[in-house]
Every structure is written in C-alpha cells, then in structure tokens.
Amino acid sequence: MNALKNKFSNSKNLLCIWHIEKNIFSKCKEYFATENDWIEFLQDWNSVVKSRSVNGYDSAWGKLTLKYHHQEKVINYIENTWLPFKEMFVSAWSDNYLHLGCKASSRVEGAHSLMKKYLQASTGNLKIVHERICSMIDQQISEYQTKMATELTTIPLSVNSTIFGLIFNKVSHFAIRKIHEEYVKFKKATPDNPLGPCPCTMISTMGLPCKHVLETMEQNGELITLESIHEHWHLKRKTSVPNSELNVTNSIETLLQKFKNNYDSWTSWEQTAARKQISVLIDGPTLPILDPLVPVTRGWPIYIFL
Ligand SMILES: [Zn+2]
C-alpha cells in the first residue's frame, strides 16, 4: 500500500472485500459453534461493509458489537486489523469513487487459478508451458468473441421498454440489466413510497444512469443515450489514435483550442480523466521517452535523442 501511495498518489486504493472476508474466515470461524452461527455472523458483517452512510456504518457496527459482545477475540481482531482501513472497503467511503463494480479481486484470482488448471503441473518445460498458455488464451479469445457476438445481436430478456432503444447492442447486457433494475425502482415508486434523494451511487460508482435520471428522461420523452453510460460498458470503445496519425507540428495554442472544443462535449468522467492527465503533465517529474528520430543519411544511421 505504501508503494501505491508513492507511485499512484492521485489514485484511490480500495481493499478487496473478498480477501478481507477470507482473512476473517481463517481467524474467526473457529469461535463459532455451528455453520449457521457463522453464516449469520457473516451476514451481519456484510451489513457493516455495505453501509451506505457513515451513520449507517456506526449503527451496523454498533449492532454487531452488541450482538457478539461475548466473542471478544472476533471483535478485537476485526477492530484492530480491518476497521483502521474502513475507508478503503466500506461502501460509505468506497462508493465515492468510480470502481465500476470492481470491489473484489476474485476475478483476477480466478484467471490465475484457470492458468494453473491449464498448466496442470509445476514441472513443465518452457515449450509445454508456452503451448498451454497459448491454448488457454485461444480458448478465452474464442469465448470472448462468442459472447460479444451474442451481445451485439440480442437484447436481454425482460428488458423491452422503448427508453432502452438507443443502447441495445451497443452496451453490455450486464449494464443494461443494471440500468433496468434502476428503471424498475423508478416505475415502482409511489407517493407513499417515493424514490428518495439523489445523487445515487449508481452514477458515481458504476457510471450508469440512476432511477432519478431515468425518471427525468422519461418525463422529457428522451431515450437513454450512449453518452450517458460510461465507456467501460460500451461494446465498441473509442480506439486510440495511432502515433503515426498524431500531428505534432500544431502550435500549443492550436492544440489547446482543439482540446477545449472537445472537452466541452465530453462526459464528466472523461473531463475528470483529462484534467488528471494534464495535471500529470504539468506536475509530473519527467516527460515520456519518445522513440529516437532517425535522419535519412547515406552512411550509418545517426540517432538523435530528444
Ligand atoms: Zn439518483
């Protein structure tokens, strides 16, 4: 965590909630007499982790300590080991950041375990290891292409509202289902059971329109646009401009003007990302190293380093 703080000082570091639960399992499960007691405790712990506000967190942790006051070792372990880092995994704090639903590293662990399955043993020679890793990658590319083809040509079952018309086959099924859950919440709201206040964490954490945004869109007769959804969920993302097409002869004034024109049309998270990149250029210690220019001469090439 110290390395992250030094090298990625502008980034927010979250802790994996799956690993925290795994550690609590190994340190605390022995103090629970039955499996049901343990499951009940985990549910109470999850209520603490999923607290949406600081007050909610205080209340959930207070209830847990009261209920398990006889489990002194368990409470002490969590209090001393994990609560000092609560801002890095409890929703009340972690949901202030765009994490796109990634609060656990179990997917990466899954990829590691998959590779181990393909390798089968730790004694393979370089050729065998290379062939097996290639075979795993080919299989994954094939699965990805099949899934992408499905998402580009089908629409998720049960999502049939016209408000989704512009984003079908342009945004992942997962994102459409998430937006649909918000849409159902907005549709189910009544004067006795209103939507409640916004801003919701759906926009700040997932980059997806929340029930309030959907309500406004429907009232204005608008459809959900691709621009209202974070690019992470787009099936076809903007590709970066190849180096060969970048025009480095433009003056700084022309570049700044072009930047300003584009900036105004970007979404808020694109604008934030751009400001961060500019800050790094201004405050960063060094400029990136460029390939050397190679002048055309009749003799051996002479490299010029900038
Ligand atoms: Zn909202």
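Our structure is the block above this text.
My aim in this report is to walk through the structure given alongside it, one point at a time. (Residues numbered from 1 in each chain as written. Predicted model: local features only at pLDDT ≥ 70, side-chain atom pairs only at ≥ 80, totals over all residues.)

### A closer look at unusual backbone geometry
Then step 1. Positive phi values are uncommon outside glycine, yet Gln120 reaches one of about 65°.
Then step 2. One can find Gln120 in the loop between helix H7 (106–119) and helix H8 (126–153).
Then step 3. Although it is not a glycine, Asn169 adopts a positive phi angle of roughly 65°.
Then step 4. With respect to the helices, strands and loops of the structure, Asn169 is situated in the loop between H8 and helix H9 (173–188).
Then step 5. Taking the number of C-beta atoms within 10 Å as the measure of exposure, Asn169 has 13 and is therefore partly exposed. (Helix = DSSP H or I, 4+ residues; strand = E, 2+ residues; numbered from the N terminus. Buried ≥ 20, exposed ≤ 12 C-beta atoms within 10 Å, placed from the backbone.)

### A closer look at helix H3 (residues 35–49)
Then step 1. Taking 1.5 Å per residue, 15 residues should reach 21 Å; H3 reaches 21 Å between its end C-alpha atoms and fits that length.
Then step 2. When we look at burial in H3, the residues that qualify are Phe41, Trp45 and Val48. Looking straight down H3, one finds its buried side chains confined to an arc of 45°; they lie on one side. The exposed residues of H3 that point more than 90 degrees off its buried face are Glu35, Asn36, Ile39 and Gln43. (Expected span 1.5 Å × (residues − 1). Arc of directions from axis to C-beta.)

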